[in-house]
Amino acid sequence: MAKRIQFARTGDSEVLELVDTPAAEPGPGEVRVANEAVGLNFIDIYFRTGLYPAPSLPSGLGTEGAGVVDAVGEGVDHLQVGDRVAYAQGPLGAYAELHTLPADKVVALPEGISCETAAGAMLKGLTVQYLLRQTYPLQGGETILFHAAAGGVGSIACQWAKALGVKLIGTVSSVEKAELAKRNGAWATIDYTKEDVVERVRELTGGEMVDVVYDSVGKDTWETSLDCLKPRGLMVSFGNASGPVEGVNIGILNQKGALYVTRPSLNGYADSPERLQDMADELFDMIESGKVKIDVAQRFALAEAGKAQDALASRKTTGSTVLLP
Ligand SMILES: NC(=O)c1ccc[n+]([C@@H]2O[C@H](COP(=O)([O-])OP(=O)(O)OC[C@H]3O[C@@H](n4cnc5c(N)ncnc54)[C@H](OP(=O)(O)O)[C@@H]3O)[C@@H](O)[C@H]2O)c1
């Protein structure tokens, strides 16, 4: 038996319960990982509330973790029992002591990266890899706007953008978060709860506006984000922290300057074992070289997953958060 967090109905964090379940044996092509640390992500809240439907209920939760391979199914060549590994995709159920998932979603961890760092880095860091290096392949010299710059994804983005020679303007909701984003390499910050974001972007860019906006806040920032772009700029809408963007009239892209828009996800980029490995190699290089430091700023016991999600949803966290089984 092993402990896991599950939910039988969608709702607030009280629907999450810690239960004992039989440890699933890995089938062909699968491995079972004994998690040492589990990553907490905003997407977990979307599944819990029902914004994203879980495939069935009751359901496990979470897709990110790191630990040691504890059992290997038939036909798995690249991993063996005892390997230190990390993952950010696959079936819901990472909030657990043991998680069984397809081996091709799992990568071996370099020695220099701890499980806790990996659990704080995989989903958010692979996301930053595709956002900055694939969705809009930044060359250096661009100015970009990145919302929620002191959060998990945002903290990694500030450091990675700086390493690329990109001027990142980060939005945040407090003085403390602005200081954190600056320490992480943001070129400038804007408090989007108090300041006029479009005017501040105009000032900071000498009227030019930005090449790309990375927007994970969603509903509250959609239109402002479009107004911060240069003509023919790219709007990357990649999350819904304030609620989903709905009812868009596509003509708005023309009115605001022949803009481009994309709505990407990690699964849309790390969609083969080779691509996942390439992206993970680049992320691990950034961490091992010290260019990106993973700030695990909050730790909760697995049993406190609901409390951890409430902290994330109420904007009380910064950097990454992990659950410890
Ligand atoms: N598409 C993908 O591939 C992908 C992958 C990973 C993450 N994401 C998205 O990226 C975002 C960041 O994820 P994360 O796990 O690293 O979370 P996070 O950034 O640590 O937390 C979310 C942050 O969003 C900001 N925010 C703005 N309005 C909010 C509201 N109404 N409610 C709550 N927060 C609000 C808060 O920062 P301030 O207090 O500074 O406003 C908050 O700290 C999420 O939207 C997530 O869904 C997308």
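Residues numbered from 1 in each chain as written. Predicted model: local features only at pLDDT ≥ 70, side-chain atom pairs only at ≥ 80, totals over all residues.

Caption draft 1: Spotlight on the overall build of the protein. A tally of regular secondary structure across the protein gives 10 helices and 16 strands. Over its C-alpha atoms the protein spans a radius of gyration of 20 Å, differing by no more than 12% from the 20 Å that the globule rule assigns to 325 residues. Residues counted as buried form 49% of the 325 residues belonging to the protein. Sequence-distant contacts in the protein: of pairs separated by 6 or more residues, those separated by 24 or more amount to 68%. (Helix = DSSP H or I, 4+ residues; strand = E, 2+ residues; numbered from the N terminus. Rg over C-alpha atoms; globule rule 2.2 N^0.38 Å. Buried ≥ 20, exposed ≤ 12 C-beta atoms within 10 Å, placed from the backbone. Contact = placed C-beta atoms within 7 Å.)

Caption draft 2: The arrangement of the packing of helix α2 (residues 115-135) against helix α9 (residues 273-288) in detail. Relative to each other, α2 and α9 sit at 115°, their axes nearing to 9 Å. Note on packing geometry: the crossing formed by α2 with α9 is right-handed. Where α2 approaches α9, its residues Thr 117, Ala 121, Gly 125, Leu 126, Gln 129 and Tyr 130 are matched on the opposing element by Met 279, Ala 280, Glu 282, Leu 283 and Ile 287. For the contact of α2 with α9, a count of residues per class yields seven nonpolar, three polar and one charged. (Axes fitted to C-alpha atoms, helices over the stretch in contact; angles between N-to-C directions. Left-handed = near helix turned anticlockwise from the far one by under 90°. Nonpolar A, V, L, I, M, F, W, Y, C, P; charged D, E, K, R; others polar.)

Caption draft 3: Seen up close, the sheet that holds strand β2 (residues 17-21). Read across the open sheet, the three strands follow the order β2-β1-β4; overall the sheet is antiparallel. Whereas interior strands pair on both sides, the edge strands pair on one side only; in this sheet they are β2 and β4 (59-60). Direction of pairing for strand β1 (residues 2-7) relative to β2: antiparallel, over a ladder of five bridges. Its bridge partner being in β2, Gln 6 is matched across the sheet by Glu 17. (Pairing = 2+ DSSP bridges.)

Caption draft 4: Molecular detail of the UniProt feature "domain: Enoyl reductase (ER)" (unreviewed entry) in the protein. Within this numbering scheme, the UniProt entry marks residues 11-323 as carrying the feature "domain: Enoyl reductase (ER)" (unreviewed entry). Taken end to end, residues 11-323 is 32% helix and 25% strand, and its two terminal C-alpha atoms sit 20 Å from one another. (UniProt positions renumbered as here; feature names shortened; annotations may be inferred.)

Caption draft 5: The site of the ligand, seen in detail. The full set close to the ligand counts 30 residues, and Gly 151, Gly 152, Ser 173, Ser 216 and Gly 239 are the nearest of them. Sorting the residues of the shell around the ligand by element identifies α1 (42-49), α2, α3 (152-164) and α10 (305-313) as the ones contributing at least two each. Of the residues contributing to the shell around the ligand, the split by class is 14 nonpolar, 12 polar and four charged. If you count residues domain by domain, the shell around the ligand takes at least three from each of domain 1 (2-121 + 270-324) and domain 2 (140-263). (Near = placed C-beta within 6 Å. Domains from an automatic or database assignment.)

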